[in-house]
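# Analysis of the macromolecular model
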Amino acid sequence: TSPLEGAEIFYDVNALAAMWQWRPLAAVALTAAARVDRLELGRRGLEWPGYPLRNSDWDRGHTARSFNVGVVWRMSDDDTLRFGVARGVQLPKSFDLGGFVLPVPPVGYVTGVPTLEPTSVDNLEVGWSHEVAALDAKLEITAFNGRTERIVASVGGADFLHGIVGMPANIGASVATGVELALHAGRDEGWRWGVSYTPLHIDDRFDGGRTVATTLVDFEHT
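These numbers were taken from a predicted model, which means no experiment stands behind them. (Residues numbered from 1 in each chain as written. Predicted model: local features only at pLDDT ≥ 70, side-chain atom pairs only at ≥ 80, totals over all residues. Heavy atoms only, no water.)

### Some words on the pattern of salt bridges
Condition: A pair is scored as a salt bridge if a Lys or Arg side-chain nitrogen falls within 4 Å of a carboxyl oxygen belonging to Asp or Glu.
One pass over the structure, following the stated rule, counts nine salt bridges. Of the charged contacts in the structure, one is a salt bridge between E40 and R38, with a shortest N-O distance of 2.8 Å. Two residues, K138 and E131, come together in a salt bridge whose shortest N-O distance is 3.8 Å.

Right, dumping it as structure tokens:
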């Protein structure tokens, strides 16, 4: 823990993963992967006077599931269609899980907490690529939609009743929708060049009472 020393935050992660590849047709390939992570959290060391949390509060676990499915269809020598759907999981940082502890006398502590949930990101995308023979280049167009759930804000909350004047919190969701347009060339040796453009719309859907001022999170205007 830091800047107040004398304790340690730790966790063990056990994971099980599998992947399957299948080619039902000569021009079609499917890849599917899945993973399950089990996080066991813990704390050992000093429990400082007035600190509202005990080491036993960290005796908890989380189970996180993630997957990735992709289909590629080679429509012709020049055209390829791609479809993908995936879920990724991001575990909270040790900083947010209790590694940061700052006494603020006489009112209480700013501290990480063990109750945070992992953040998940679901993404859906469809892409098309085309070989541009005249430029010896490749044109790629990809449309995507991604939803991030249980976003962690390091300054997202407080529990004044128990003497916590600042703590991280899961604050809600954010949805990103966009299209990526790219043209690039250059293979093997020699010069490479590329140009891309990505119009993007982001819609933050934070829980009631959560504002930019209280969370310092604002994806919509980033």
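### What about the pairing of strand 10 (residues 152-159)?
Quick reminder of the rule: At least two bridges found by DSSP between two strands is the condition for calling them paired. Strands here are runs of E lasting at least two residues and helices are runs of H or I lasting at least four, both read from the DSSP assignment and numbered beginning at the N terminus.
Of the strand pairs in this sheet, strand 10 and strand 11 (residues 164-170) are connected by four bridges, and their pairing is antiparallel. Looking across to strand 11, one finds that D159 is bridged to I164.

### Regarding the environment of P52
Where we set the bar: Each residue is assigned to one of three classes by its accessible area relative to the maximum for its type, calculated with a 1.4 Å probe on protein chains only: buried under 20%, partly exposed between the two thresholds, exposed over 50%. Working rule for contacts: check all heavy atoms of both residues, and any pair within 4.5 Å makes them a contact.
Relative to the helices and strands, P52 resides in the loop between strand 3 (28-45) and strand 4 (60-74). For P52, a relative accessible area of 27% puts it in the partly exposed group. When the C-alpha atoms of P52 and D159 are compared, they prove to be 10.0 Å apart, with 107 residues separating the residues in sequence. When near neighbours in sequence (up to four residues on either side) are disregarded, P52 contacts D57, Y109, H162 and I164.

### Here's the deal with the sheet that holds strand 10
If you walk across this open sheet you meet the five strands as 1-6-7-11-10, and the pairing is mixed. Edge positions in the open sheet fall to strand 1 (2-3) and strand 10, since each of these has one partner strand only. Strand direction decides the pairing type here: strand 1 and strand 6 (residues 100-104), joined by two bridges, are parallel. Opposite P3, over in strand 6, you have V101 as the bridge partner.

### Description of the packing of aromatic side chains
Stated precisely, the cut-off is as follows: In summary, the pairing rule links any two rings of Phe, Tyr or Trp, Trp by its six-membered ring, whose centres are within 6.5 Å, and it sorts them by plane angle into stacked for under 30 degrees, edge-to-face for over 60 and tilted for everything else. We call a charge positioned over a ring when the NZ of a Lys or the CZ of an Arg lies within 6 Å of the ring centre and within 35 degrees of the ring normal.
Considering all chains together, one arrives at four aromatic pairs under this definition. Taking 5.0 Å as the distance between ring centres and 25° as the angle between the ring planes, the aromatic pair formed by F95 and F100 counts as stacked. Residue F100 is classed as partly exposed on the basis of its relative accessible area, which comes to 21%. One aromatic cluster is present, formed by W48, Y51 and Y109 through successive ring pairs. One cation-aromatic arrangement involves R43 over W58; the distance from NZ or CZ to the ring centre is 5.2 Å.

### Some points on unusual backbone geometry
Note that the residue after S2, namely P3, is joined by a cis bond; omega there is 0°. Among the secondary structure elements, P3 is positioned in strand 1. Following P105, the chain continues into P106 via a peptide bond in cis, with omega recorded as 0°. You can see P106 is positioned in the loop between strand 6 and strand 7 (108-111). We note that D136 has phi near 50°; this positive angle belongs to a residue other than glycine. Here D136 is to be found in the loop between strand 8 (119-132) and strand 9 (137-149).

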